[in-house]
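# Geometric and topological summary
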Amino acid sequence: MTADEQKRAAGEAAAALVEHDMVVGLGTGSTAVWFVKALAARGLSVKCVATSEATAALAISLGLPMLDIDAAGAIDLTVDGADEIGPGLALIKGAGAALLREKLVWTISRRCVVIADAGKRQEMLGKKFPLPVEVVAFGHATTAVRIGQVLSAGGIAATPQLRFGADGPVRTDNGNLIYDLACEAIDDPAALAAALKAVTGVVDHGLFLNLAERALIGTDQGVITLFS
Ligand code: A5P
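Conventions used here
Within any chain, residue numbers begin from 1 and follow the written order of that chain's sequence. Reporting in this predicted model follows two pLDDT cut-offs: at least 70 for local features of residues, and 80 or more for side-chain atom pairs to be given and counted; totals over whole chains, interfaces and linings ignore these cut-offs and use all residues. Only hydrogens and water are removed before side-chain values are computed, so all heavy atoms of the structure are retained for them. A domain assignment, automatic or from a database, supplies the domain bounds used here. Contacts are residue-level and defined by heavy atoms, with any inter-residue pair within 4.5 Å sufficient. Reported buried area values correspond to the accessible surface (1.4 Å probe) lost by two parts on association, with both partners' losses combined. Think of it this way: any DSSP run of H or I at least four residues long counts as a helix, any run of E at least two long counts as a strand, and we number them from the N terminus. Residues adjacent in sequence count toward polar contacts only when both atoms are side-chain atoms; beyond that, a polar contact is any pair of N or O atoms within 3.5 Å, and within protein one must be able to donate a hydrogen and the other to accept it. We call a residue near a given molecule or strand whenever any one of its heavy atoms falls within 4 Å of it. To be clear on the numbers: accessible area is Shrake-Rupley with a 1.4 Å probe, and residue cover counts the displayed protein chains and nothing else. Side-chain classes are defined by residue name, with Ala, Val, Leu, Ile, Met, Phe, Trp, Tyr, Cys and Pro counting as nonpolar, Asp, Glu, Lys and Arg as charged, and the others, Gly among them, as polar.

Take the domain arrangement of the protein next. Segmentation of the protein into domains returns domain 1 (3–121 + 209–219) and domain 2 (131–201). Relative to domain 2, the C-alpha centre of domain 1 lies at a distance of 24 Å. The partner domain 2 presents 13 residues to the 12 residues of domain 1 that form the contact. Summed over both partners, the interface of domain 1 with domain 2 buries about 920 Å², with 62% contributed by carbon and sulfur atoms.

Put into structure tokens, the structure is as follows:
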């Protein structure tokens, strides 16, 4: 099975968890796309809250009814991808630069299900994927220096790298910038999460801790479920 086939299997398995009349959080990224398509194909009476403009556009094109996050208030079930899945279902997210809206949706969800291909599982967070941090544009280089100091204090020798796309620095849906932190290993995700969040200018980071209720992982042997 290719990684994309595994993503599709996980997304379709997650769509089977959705019930009539639920408010559903729609994740962002290539795995979440499979979920959104499978959910739309079920034709349930649901309302959806999107975690990015891209996902909203896809969902609307498929006829899914959308709800503003503030109108939703609470969400029954959110399904989203991840870049790394570590012990206890601690996650790194944000390769698609949607981490802030994702976290806003996840934190008001009764249940969060992460969907992924098998390659996303890691024994320790940070080994494979850089940790994204969303930063306000004003003074961002100064904020990056302070992020570097936080990393040094935590024994992480990484220099924050401003994320670029084809047209220059990547802007998030919220107009902010992304710095990527190639941590190599994150021994204490909770401590790093708190220290990053305390830096003025940091809006949020891609560490999603104690949020996922379960993971549906596509593997060559089928979709396996991991619980937190
Ligand atoms: C979007 O910002 C991310 O958090 C994605 O959910 C994550 O990068 C997973 O993306 P894929 O499903 O494309 O691997």
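There is more to say after this.
So, about the side chain of Thr28. Tracing the backbone through its elements, the reader meets Thr28 in the loop between β1 (23–26) and α2 (30–42). Of the polar contacts made by the side chain of Thr28, one reaches the side chain of Thr51; its length is 2.6 Å. Excluding anything up to four places from it in sequence, Thr28 contacts Thr51, Ser52, Thr55, Asp80, Ala98 and Glu102.

Let's shift gears to unusual backbone geometry. Glycine aside, the phi torsion of most residues is negative, and most peptide linkages are trans. A positive phi angle, close to 65 degrees, is found at Ala97, a residue other than glycine. As for its placement among the helices and strands, Ala97 is situated in the loop between β5 (91–92) and α5 (99–106). One non-glycine residue, Asn210, lies in positive phi territory at about 55 degrees. Looking at the element boundaries, Asn210 is found in the loop between β13 (207–208) and β14 (214–219).

Turning to the site of the ligand, a few remarks are in order. Lining the immediate surroundings of the ligand are 17 residues, of which Thr28, Ser30, Thr31, Asp83 and Lys120 lie closest. Asp80 places a side-chain nitrogen or oxygen 3.4 Å from an oxygen atom of the ligand. Here an oxygen atom of the ligand sits 2.6 Å away from a polar atom, N or O, in the side chain of Lys120. Here the ligand, which alone exposes 380 Å², has 92% of that area covered by the protein. Across the shell around the ligand, the residue classes tally to 4 nonpolar, 7 polar and 6 charged.

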